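# Residue-level structure breakdown
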Amino acid sequence: MRLATPSGFATEVFLLEAPDRELLPEGPWTLVGDQRLREAWAGAAMPEPEHALWVSVPEEEKKLRTVIPWLEHWARIPLHRDATVVALGGGVLSDLTGLAAALYMRGIAWQVWPTTLLAMADAALGGKTAADLSAGKNLVGAFHAPRRLVACTDLLAGLPERHLQNGLWELVKTALIQGELAWAQEMLQGAPLKVAWVERALAFKAGVVHRDPREAGERRLLNLGHTLGHALEAASGYRLLHGEAVGLGLLGSCLLAEEQGLKPFPPALLEPLVRCLAPLTPQVAPWADCLPFLARDKKAVHASGSTQNAAAIEIQCVLPRLGEPAVQRALPPEAWESPHARLLALLHQESVRV
């Protein structure tokens, strides 16, 4: 099924059960795939190009050094400008393959075939490719939209439960951006994944990205949960998965919104949020470890009236609202200290209760 996207949108979006070879590039192409998926790819009768790369890219290897050998490999083949690169894997592999495609010969076409719920719900769509630096998440990258996104739900079948839950947080994020409390609550009840949830999230993100492709305004709303989430993820030494960190960031954002004078979220949302996140309590880093990463957040800017030598910075923070779309506010990193403390207290209380 091809999903409806705005006229002129850069990426064709398909949501299928099984992989379809008809959706692969028509011209010359190569593949960068997660080595754990090679057997499943062959089992689906999908072709493997002669110079395919089957790799393993854990979160801690989301670095520029990882893509250099890929670029050298493409140059040796040689891969020309009329070729397309197909990325088959999760969010880290998709981000790095898209970045490599943006860099090679100043940009060649690519397709993304996401194989995790996290990638399907978020990372694969929008053209934001990136690698991490030691200072923080996604600090080097490029906007380079894939020509086609093909999400095959059959490829989720072997995912561990933790990884399905990991991806679910990006769907919950989408609901909270829109103020759709009932949808968020539905997804927090432990029901099996519904394909309609993925379709709804992809359609929403496609609309936002089309209106704001370079993240100049509205697209920043997609960072809901990511400001504190990225800091928690990095400060945990990446023991937290990205989606788990975003889930914690969503809870922190709800608490920050209340502290900023917005209407507080009801227990009907906060309690299931806390219940789902409580197992992550041991991986939540203390505030002192999170603050340096917040200060280096890529959305941080020097506060109005400050000088380049001043320490005052602000981050464009996304605050969810009850029954209304989320809003943005420029706040100092220290604004997250109290929500971080309250978040930890709620998680500890739930852990003790259980």
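Described in the following lines is the structure provided in the data block. Small disclaimer: the values here were computed from a predicted structure and weren't measured.

Moving on, we come to the pairing of strand 7 (residues 136-143). The sheet contact formed by strand 6 (residues 128-133) and strand 7 spans five bridges and is antiparallel. Across the sheet, residue Thr129 finds its bridge partner in strand 7, namely Ala142. In textbook terms, the turn of a hairpin is the stretch between consecutive antiparallel strands, and for strand 6 and strand 7 this stretch comprises two residues.

With 17 residues, helix 7 (residues 195-211) extends 25 Å between its outermost C-alpha atoms, agreeing within 8% with the 24 Å of an ideal straight helix rising 1.5 Å per residue. Among the residues of helix 7, those classed as buried are Trp197, Val198, Ala201, Leu202, Phe204, Lys205, Ala206, Gly207, Val208 and Val209.

By way of backbone hydrogen bonds, the strands of a sheet pair with one another, either parallel or antiparallel. An order of 9-10-11 is seen for the three strands of this open sheet, with the pairing classed as antiparallel. Each of the sheet's edge strands pairs with one partner strand only, and the pair in question is strand 9 (300-302) and strand 11 (324-331). Taking the axes of each pair of neighbouring strands and ignoring which way they run, one obtains an average angle of 30° across the sheet. For strand 10 (residues 313-321) and strand 11, the ladder comprises six bridges, and the chain directions are antiparallel. Considered in strand 11, the bridge of Gln316 is made with Ala330.

Turning to the pattern of salt bridges, a few remarks are in order. Under the criterion given, the structure shown has 21 salt bridges. Bridged by salt links that share partners, the residues Asp122, Glu170, Lys173 and Lys205 form one connected network.

A few words now on the packing of aromatic side chains. Throughout the structure, instances matching the rule amount to two aromatic pairs. Geometrically, the ring pair formed by Trp41 and Trp113 is edge-to-face, given 5.5 Å between the ring centres and 85° between the ring planes. One end of the pair, Trp41, is in helix 1 (residues 38-43); the other, Trp113, is in strand 5 (residues 109-114), with 72 residues separating them in the sequence. Note on Trp113: relative accessible area 0%, which makes it buried. Seen in terms of ring centroids, Trp74 and Tyr104 are 5.6 Å apart; in terms of plane orientation they differ by 85°. Their pairing is edge-to-face. One end of the pair, Trp74, is in helix 2 (residues 64-76); the other, Tyr104, is in the loop between helix 3 (91-103) and strand 5, and 30 residues separate them in sequence. The exposure classification of Trp74 matches that of Tyr104, with both residues buried. Its guanidinium or amino end placed over the ring of Trp183, Arg200 lies 3.9 Å from that ring's centre, counting from NZ or CZ.

How each quantity is defined
Residues numbered from 1 in each chain as written. Predicted model: local features only at pLDDT ≥ 70, side-chain atom pairs only at ≥ 80, totals over all residues. Heavy atoms only, no water. Pairing = 2+ DSSP bridges. Helix = DSSP H or I, 4+ residues; strand = E, 2+ residues; numbered from the N terminus. Expected span 1.5 Å × (residues − 1). Buried < 20%, exposed > 50% of the residue type's maximum accessible area, 1.4 Å probe, protein only. Axes fitted to C-alpha atoms, helices over the stretch in contact; angles between N-to-C directions. Salt bridge = Lys/Arg side-chain N within 4 Å of Asp/Glu carboxyl O. Phe/Tyr/Trp six-rings, centres within 6.5 Å; stacked < 30°, edge-to-face > 60°. Lys NZ or Arg CZ within 6 Å of the ring centre and 35° of its normal.

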